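Residue-level listing of the chains:
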Amino acid sequence: MYTDFDSLWQRRAQQMEHCSCPIPDQRWHDMVSKALATPDTKHVRHPVWKRISAYATMTAACLALLVVGVKLLSHSSHPTSVNYGDQSVRFICNNSCNAQSLIAYFDSYIGKISNP
């Protein structure tokens, strides 16, 4: 591996003298001049309609997620506090049932089984 930069540079210069560039000199100089004259643009501004449509799409997606989330939360089961005897029991009832009447039904059913 070559480590001497000067010798590598000289070898490159010699090789460049014996090879031909596929682009004519005048065209190559024109391309370089055009590249140097072009201002350095780091940020390209998109048209207004593209920016507005992007923000509208993002807003619609956020609203859709919010509506779906609120709808799912309203249908989810929440614990209900039910009095059973002298105790307060936390109970989750699906499908909008009445927790107090359900506990009373199971209490009477278990009472019938335990007292034949």
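Predicted, not measured: the structure shown is a model, and the values here were computed from it. (Residues numbered from 1 in each chain as written. Predicted model: local features only at pLDDT ≥ 70, side-chain atom pairs only at ≥ 80, totals over all residues. Heavy atoms only, no water.)

1. Looking at the overall build of the protein chain
Counting secondary structure elements, the protein chain contains four helices and two strands. Traced from its N-terminal end to its C-terminal end, the protein chain shows the element sequence α-α-α-β-β-α. Considering the protein chain as a whole, with its 116 residues, one finds that 4% of them fall into the buried category. Taking as baseline every contact in the protein chain between residues at least 6 positions apart, the subset at least 24 positions apart corresponds to 0%. A total of about 11100 Å² of accessible surface is found on the protein chain, and carbon and sulfur atoms cover 62% of it. (Helix = DSSP H or I, 4+ residues; strand = E, 2+ residues; numbered from the N terminus. Buried < 20%, exposed > 50% of the residue type's maximum accessible area, 1.4 Å probe, protein only. Contact = heavy atoms within 4.5 Å. Areas by Shrake-Rupley, 256 points an atom, 1.4 Å probe, with all protein chains shown as cover.)

2. Points about helix α2 (residues 25-37)
Taking 1.5 Å as the rise per residue, α2 with 13 residues should run 18 Å; its terminal C-alpha atoms sit 18 Å apart, in good agreement. Burial of α2 is sparse: only zero of the 13 residues sit out of reach of the surface. (Expected span 1.5 Å × (residues − 1).)

3. Quick word on a nonpolar patch on the surface
Together, Tyr-105, Phe-106, Tyr-109, Ile-110 and Ile-113 make up a nonpolar patch on the protein surface, roughly 560 Å² of accessible area in all. Relative to the assigned elements, Ile-113 resides in helix α4 (residues 99-114). You can call Ile-113 exposed: its relative accessible area is 54%. (Patch = residues over 30% accessible without salt bridge, like charges linked within 9 Å, V, L, I, M, F, W, Y side chains within 5 Å. Salt bridge = Lys/Arg side-chain N within 4 Å of Asp/Glu carboxyl O.)

4. Here we look at the confidence of the model for the protein chain
Here the protein chain averages 78 in pLDDT, and 85% of its residues register 70 or above. By mean pLDDT, strand β1 (residues 79-84) is the weakest element of the protein chain at 76, and α2 is the strongest at 86. (pLDDT = per-residue confidence, 0-100.)

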